Amino acid sequence: MAVRLEVAVEWLEAVGLEVVIGLDVVLGPDVVFGLDVEVGLVVVVRLLVVVGLEVVVGLIVEATNDITIIGFCTTEINCQRGSEITVGSVQEGYEGDIEIISNIQPDDRVVLEFHYFPIGVTFLTLVYSDGDTNAIVRTNKPLDAEVLSETQAVGSYVLYVQAADADVSPSNNILSYSIVPSAPDEFELGNDGNIKLKKHLDFNVAESHIFTVEAKDPDGLNDTATVTITVMDYDNLNPYFHHSLYKASIEENQVGIFSVVTPEAIKAQDGDKGINEPVVYSITSVHPNKYQPHFAIDQITGVISVTTALDREEIDQITVYLQATQQDDTSKTANTVLYVTIVDVDDNPPKFEQDQYTATIPENSPLDQVVFQTRVTDLDMGGFVGTFRIIPDSVPFSIGPDGIVRVKNSVELDRENTPNFSFQVEAQDDPPSSNTATAEVNVILMDENDNSPRFTSAKYEGKVYSNQTTGMPVVKVEAADLDEGPNGEISYAIEFGNEEGYFSIDGNTGEITLLNTIPLMENKILQFALYVTAKDGGVITRSTSALVDIKAPGDSRPQFLKKTYQGQVEEEQSGADIVKIDFLSIDPIVPVTLTVESEAEKFSIDQNTGVLSTKVKLDYELKSSYTVQMSITDGTNRDEASVQVDVLDINDNSPAFVLNPAGATIPEDLTVGDNVTSVQARDADSDLNGEVWYTLLGGAGRFIIDEETGVITVGAPLDREDKDEYNLEITARDQGRPSRFTTITLDISITDINDNAPIFSKQQYEVTVSEHAMVGTDVLNVTAVDKDKGSNAVVTYHIVRQEPPSTPPIFSIDAVTGSVHLAEKLDYSRVKRFTLQVEGRDGGSPVLIGSAVVIVWVEDVNDKGPEFSMEQYNVAVYENLPSGGALVSLEVTDQDEGGFSKGYFILDSDTFAINAQGVILLRTNATLDRETKDNYILQTVAVDQPVDGQSATAQVNITVLDVNDNNPEFLALPELTEIREGAYTSSSPGVVCMISAADSDIGDNGRVTISTSSHSDLFQFKEDGTLLAVSELDREKEDVYDLVIVAMDHGIPQRNNITTLRVSITDINDNAPVFSSKIYSKSILVKDTKIGDLLLTLYATDRDAGNNSLLTYSFSEDTSVVSLDAETGDVTLTSDLSDLTEDTLLNLTAKVTDHGTPSKSATADVLIDIRMVSLTEGMAFASSYNFSIKENEPVATKVGTVKASTGSSQDTVSYSIRSHVDVFSVDADGTIKALQELDKEKEEWYILTVEATDSRTPPNTAETMVRVQVENVNESPEFTAEKYEAEIFSISPYKFPIVKVQASDPDVGESSELQYTLLKPTTLLDVDHLTGQLYVLDASSFGGSQVTCEVKATDKHGQSTTTTVQVNIKETATISVVVISLNQPVFTVEKKLLEIQESLQKALGWTVKILSVAAESQNQILRESTTKTFISFIAVDSSGAVIPAKEVKEMLLKEQAAVTAELEKVFGSSLDIELEEGSGNSGDSGEAAVIALGVTLAVFVVAFVVLMTVYVVKFRKTNKDTDSDKESFNIEKHSPFKHRSSITKNCYHDENPEVVKTKEEQNSHQSDSEKENDDDDRNENSVSSF
């Protein structure tokens, strides 16, 4: 670089050099004058970096009056005489000797120092030793003229730039210099071309600076040049750790390196990144200090390891202080802190407080009842954290996470099966630990009366024969009870069934004897059902009932009930039941034999059931009826009867096709309804079984079949082209039940007609043909298809029109193949498009035609090049442009036909791509980063066609704009951050440290603000990054704060960086020491102690740290008996106690003082009990306690008393409760009282811990567990309403639901055990004693009235409450009620009401509604109430009208056989049915009351079916006889009915052996009978006896 002489001199003088110009110096042929520099060696290299040496050298001056800056040279310099020597040129990058200095005197001192630019000496080395006469300056690395040291002085010139202007006029060649924006802050450029350093350089911030300088003349003409300045690092910074705080953890009992260190591995490095001198790691200290030998650090890598295993139970956190020292300079250090957390390992097993537990609970204790509670301890962190379990799991107890053992299965708590349970409870640490502990448990069950007596048999049977005698034993019942004591003592009683008083029972033995003789009846077994109860002696008794069935048979005379029976059976049935044969006998007392006398090979009769059945299959076609003769005999008496058996036909023949065509062929143009073919089938059966109907499957709905004739016709239009063949499945089915069928298949073929025109593959074809194509060239093929067959489907092709037309035509077509050819040459300039009309003709008759259009485009030839709309495109885009995003669209035109439509683009770039539309895109695998590159220059080529295309080129300049895509980065954090604890405020804050951060983005994106996101109430940042404490800091509450610091830029959206800073709070002495106990006590025995024995150790703590926490112990008073170690707190014996003659209590006051300024102190009592004889005076509770208290007891109710013994009557004991102190209290006597009313429903069990403390000094303590159970108090039930109202009709049926009363019991779980009863019985209604449902008994006589009754709900303990039920009975229209009676107990009839109702409906043909069932007739009370039940009912026809009673009675008489047969199916053959007189309140007028069914009938029909339940009704025995109110039917006239004896005036006529009256009964009631019969004659009201 050449500069003018004046400029060089001016520059040298500006930097403080004295310049002398001597004109008489001739240095060479090319030099006309010289230049002297007084200050020594001046080396000016290309970047004007000057290195100063204390020698004199010269510069070469060219003859042209320009000075050329040459540089260093190898020159000998004589120090003694001085030198004016020309310095030779030295090029940049030169290596070797620079100067040789000779004639150095002994007193001279030669050193190499920098003058203006310190970087100069870094390139040079002085080869010289004291005493040498010569020295050499040589390079130690290549000379670099572009490097500045970061220590370069601010304000110094670092570079000179110069531009040349060819103009000669000063007004045109005077230049000004400037830096093109944006200019770096570190440099400024003067108008003279000198670049000056404005601010210190920092290698760590920027390793180089690149900028553009501009030279401009007065007219604005300019030129630019790029300046690159490289910064050389200088060793002026200490090393630094990457983080001020590290954290690591290691499991206790482990050694080795830390597997994880956060936030990253420990690393320190030289702060001078360009030098990066190695560092040496060391541990400076460890807190607590005694653990320093447990750690080691690798000096080179900084890896820390634990050398001696640690115990977390001893210490859980250790602080390790680390230092990194620069290897070449030990004064340069960095420090950091490592917090080591010792991770707990489950290395301590759990332990139960007791090795064995014993508990006593009642058997049947409820689910989740508390049995007892265990307690477990564990020395590991968090204590015991694990699970409990019971071994084995099969015992009926569970244990919860709280250690409470509860009842898991109350069902298994049965003392009778298992009187006690022995098991183990196990506590196991949570995985991965397997440490466990176990304790033995014994749970004893107490007996409760939970077993009812059990009979040895579910049913007992006894018999009383004709030789009966009073007092004879009949049968003995026996029961056992598994409970103990009174709970297992049993007494017997007959509950009911002994209304006649025939039997008695011994209450102790269960022996049943005959009390009165039984009047036996011929050919009948009298049966007595006694219900015997066995009751135990528990407080709440339990009982069980058993049925005792006593049979009393009379004389045997078997006979059939009918002479002729009717039956039916289907043919082909073997073993089929035909009819049940009813007969009278006393079987099995006297066995009878049933015999088939005729047709025995075909029929048999069941000896047990009397059912006649087939032995072989019968054939209706062979024989349709049989008469079967039967007999019955008991070996002495015999009777005969016959059965008429009708054989019923069944459907046993399938239809068979007699007309079955193999197939049919039809043309596709048949119309709907045209015949196709027909089928015919016949069935050998008759009637419906032989009637054949036809169905058709398949055919896709195209065919239908006449279901009666079998004719098949077309059902929908046919199209052979869609389907040319159909497979039909035809079924012939008879009408039998179940039906039988036969299936055939029929194939129908469809023949073709010419009904489809050819269809081209396209309606319009398009093709492009070059205008240079040769004649004969194939243009394209057209194709057409015809769906028809044969000649109908053959297609020929024809061009019928060409647009525009020409002669001759331009195109021709092959009639067979459809290939279109070029027949004449094309000319694009004349015609650019041809349109051809093409036809396809089939070979059918008539001919059908299809057409299509062919468009032929004539193609042009390319001869014009493309053109861009601009030669240069300037684009600005943000750096966050997504991959694949568009930047700019380039517009290209082409004058050829089609323009640029066939063109493409070429762009050579790894970052950008261009698509076919000319849109420049960011490649999908590329991204933009302004911080890496902020502009791109691209060359884009457009080519108009792929082959032989023409092209054009455009330049695209892309500028990358900044987006906020860089997070702020924290600069090096302080090595140690501390602040004293104190009361800081916002107005008086404490300065903690300074934090700095930088952002690579620019503008607001790079402007950074620092704040805290944690502990922001305590710490805040100023705008300059100063961290302040703004609130009180208390080291004892928190000695370290890990602040989360956020550096946030101001971009949109904002970006941030987060780091942590540990602020340590240093201590001040603001806490006094605290003893671990207020009283320290020790009992010693004189004979067992000696001087120097350690009696006890005092221990105090101080929350402060350092000297503030160092403690000194002392006694407040002087004593010669013991001494107190000031450091350890050990109390030792210092006196011989052998002279003592009695027990002595030494009472001292200990004082502990810290070392703070000012100091703080605390005191504690020290009690030493010196005993002469014994030390044993302990105290203990006898055991744990189980108490109970009833719920709702008043406050201060006594629960129980605990007692602890001390072993000495002179000592007193005080008690305290450690749990549930808000619920219970304990006084000085150990009496536990309730502090509030308790509620079992909220909490049933309380587990208390009671502590006893004696009056000794020091005191002794003991604990016990108290279990308190809250017992239930029987509270009265409560109804949901005080009054219930309901409305029914007088026609409401028996058991019709009225209203449901509902009560609840406040006692737990007892609402389901309430019993409901009526306070006063009524014939209107009754109540279900379990559900509270009120239902109708008989409402017919209560029409138009209102009935009020009281219902009582009683719990199992006898507590009860009542409610009122008001029922309105609405009167219905006049009804006709019919009453019949059955010789069955009420409870048996009630069980079969639905069957009775259905049986009467089948026999009478009307709908029957039963209104009441009772053992009482309306105005009479029957003597034999236990074996007779009255049923009131009405009959309704299909319209809803009630049938008059007269008609119903007539129908009963008419259909008596059917009525009897149906009801005997329900009750058996021994049934007596009687029509009671007085039936029908409307009399015999024949007027039928019409009752609209409406709501009433609908409701009671449904309710009757759904809600009918079984009730056992006790019968009331009376002395009034009603048999006289009956008129006997003659047995010959009414053979299907049982005949009863008739009682008429003054006579007794026995026409049937079933008469049950005795002579005594007849005589005693004869006069009454006569009177009643006279009344019947007058009233014409007779009773028909069935």
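Residues numbered from 1 in each chain as written. Predicted model: local features only at pLDDT ≥ 70, side-chain atom pairs only at ≥ 80, totals over all residues. Heavy atoms only, no water.

A. The overall build of the protein, seen in detail. The number of helices and strands found in the protein is 10 helices and 127 strands. The burial tally for the protein puts 44% of its 1586 residues in the buried class. Put simply, 67% of the contacts in the protein that link residues at least 6 apart link residues at least 24 apart. On the protein, roughly 80,100 Å² of surface is accessible, and the fraction owed to carbon and sulfur atoms is 48%. (Helix = DSSP H or I, 4+ residues; strand = E, 2+ residues; numbered from the N terminus. Buried < 20%, exposed > 50% of the residue type's maximum accessible area, 1.4 Å probe, protein only. Contact = heavy atoms within 4.5 Å. Areas by Shrake-Rupley, 256 points an atom, 1.4 Å probe, with all protein chains shown as cover.)

B. The sheet that holds strand β15 (residues 194-197), seen in detail. The strand order across the open sheet formed by 3 strands is β12-β15-β14, and the pairing between neighbours is antiparallel. With partners counted over all chains shown, the strands left at the sheet margins are β12 (157-160) and β14 (187-189), one partner each. Between one strand axis and the next, the sheet turns by 25° as a mean value, whatever way the strands run. (Pairing = 2+ DSSP bridges. Axes fitted to C-alpha atoms, helices over the stretch in contact; angles between N-to-C directions.)

C. Spatial organisation of the environment of M1048. With respect to the element layout, M1048 can be found in strand β89 (residues 1040-1049). Given a relative accessible area of 24%, M1048 falls into the partly exposed group. M1048 sits 49 residues away from D999 along the chain, and the two C-alpha atoms are 9.4 Å apart. Once residues within four sequence positions are removed from consideration, M1048 is found in contact with P968, R1007, V1008, T1009, Q1054, R1055 and N1056.

D. Seen up close, the nonpolar core. Residues L1382, I1396, F1433 and L1452 are the most contacted members of the largest nonpolar core, which totals 33 residues. Sorting the residues of this core by element identifies β118 (1378-1382), α4 (1386-1391), α5 (1393-1404), β119 (1407-1414), β122 (1429-1436), α6 (1445-1454), α7 (1456-1467) and β123 (1473-1475) as the ones contributing at least two each. Of the residues forming this core, the biggest block, 5 residues, is contributed by α5. Apart from the residues within four sequence positions on either side, F1433 is in contact with S1376, V1377, V1378, I1380, L1400, V1408, K1409, I1410, L1411, V1448 and L1452. Core analysis: the next-biggest nonpolar cluster, separate from the first, contains 30 residues, Y357, A359, I390 and L413 among them. (Core = buried A, V, L, I, M, F, W, Y, C linked by side-chain atoms within 4.5 Å.)

E. Region of interest: the environment of V888. Relative to the helices and strands, V888 resides in strand β75 (residues 886-889). It is 9.7 Å that separates the C-alpha atoms of V888 and I958, two residues lying 70 residues apart in sequence. The contact partners of V888, leaving out residues within four places of it in the chain, are V875, G918, V919 and I920.

F. Molecular detail of α6. Among the residues of α6, those classed as buried are A1445, V1448, K1449, M1451 and L1452. For α6, the angular spread of buried residues about the axis comes to 160°, placing them on one side. Buried-residue contacts for α6 involve β118, α5, β122, α7 and β123. (Arc of directions from axis to C-beta.)

G. Structural detail: unusual backbone geometry. The omega torsion of the bond from P181 to S182 falls at -5°, within 30 degrees of zero and hence cis. A cis amide bond links T807 with the next residue in sequence, P808, at an omega value of -5°. With respect to the secondary-structure elements, P808 resides in the loop between β68 (796-803) and β69 (811-813). At N1192, a residue that is not glycine, the phi angle is positive and equals roughly 70°. On the secondary structure map, N1192 appears in the loop between β101 (1185-1190) and β102 (1198-1201).

H. Main features of the packing of aromatic side chains. For the coordinates displayed, the defined rule picks out 28 aromatic pairs. Relative to Y1041, the ring of F1019 lies with its centre 5.6 Å away and its plane at 65°, an arrangement referred to as edge-to-face. Taken together, the residues F1019 in strand β87 (residues 1019-1021) and Y1041 in strand β89 connect sequence positions 22 residues apart. No difference in accessibility class separates F1019 from Y1041, as the two residues are buried. Linked through ring pairs, F352, F384 and F388 together constitute an aromatic cluster. For K723, the ring lying beneath its charged end belongs to Y726, and the centroid distance is 5.5 Å. (Phe/Tyr/Trp six-rings, centres within 6.5 Å; stacked < 30°, edge-to-face > 60°. Lys NZ or Arg CZ within 6 Å of the ring centre and 35° of its normal.)

I. Representation of the pattern of salt bridges. Going through the model one piece at a time under the given rule, you end up with 36 salt bridges. The salt bridge partner of R375 is E353, with a shortest N-O separation of 3.9 Å. A residue pair is termed long-range when its members are at least 10 positions apart, and R375 in the loop between β30 (370-373) and β31 (376-377) and E353 in the loop between β28 (351-352) and β29 (356-362) qualify at 22 residues. Assessed through its relative accessible area of 43%, E353 is described here as partly exposed. (Salt bridge = Lys/Arg side-chain N within 4 Å of Asp/Glu carboxyl O.)

J. Seen up close, the pairing of strand β72 (residues 849-859). Of the pairings in the sheet, the one linking strand β65 (residues 764-770) to β72 comprises 7 bridges and is parallel in character. Bridging from a neighbouring strand, Y765 pairs with V854 of β72.

K. Seen up close, a negative patch on the surface. A cluster of acidic residues, E691, D706, E707 and E708, forms a negative patch on the protein surface. With respect to the helices and strands, the residue E691 is situated in the loop between α3 (687-690) and β59 (692-697). A relative accessible area of 32% means that E691 is categorised as partly exposed. (Patch = residues over 30% accessible without salt bridge, like charges linked within 9 Å, V, L, I, M, F, W, Y side chains within 5 Å. Lys, Arg positive; Asp, Glu negative; His and termini not counted. Charge placed at Lys NZ, Arg CZ, Asp CG, Glu CD.)

L. Region of interest: the side chain of D380. Within the element layout of this structure, D380 appears in the loop between β31 and β32 (386-391). Buried within the structure, D380 lacks any salt-bridge partner; R312 is the closest side chain of opposite charge, at an N-O distance of 5.2 Å. Separated by 3.4 Å, the side chain of D380 and the backbone nitrogen of D347 make a polar contact. With residues up to four places along the chain from it excluded, the contact list for D380 reads E252, R312, E313, D344, V345, D346, D347, N348 and D429. (Polar contact = N/O pair within 3.5 Å; in protein donor to acceptor, adjacent residues only side chain to side chain.)

M. Main features of the confidence of the model for the protein. Taken residue by residue, the protein gives an average pLDDT of 81. The fraction at 70 or more is 84%. Between residues 1417-1425, whose pLDDT stays under 50, and residues either more than four places distant or in other chains, the model counts 25 contacts. Overall, residues 1480-1586 carries pLDDT values under 50, and its contacts beyond four positions in sequence, including any with other chains, amount to 194 contacts. (pLDDT = per-residue confidence, 0-100.)

N. Local environment of α5. For α5, with 12 residues, the first-to-last C-alpha span of 16 Å sits near the 16 Å given by 1.5 Å per residue. Among the residues trailing α5, G1405 stands out with phi positive, at a value near 80°. (Expected span 1.5 Å × (residues − 1).)

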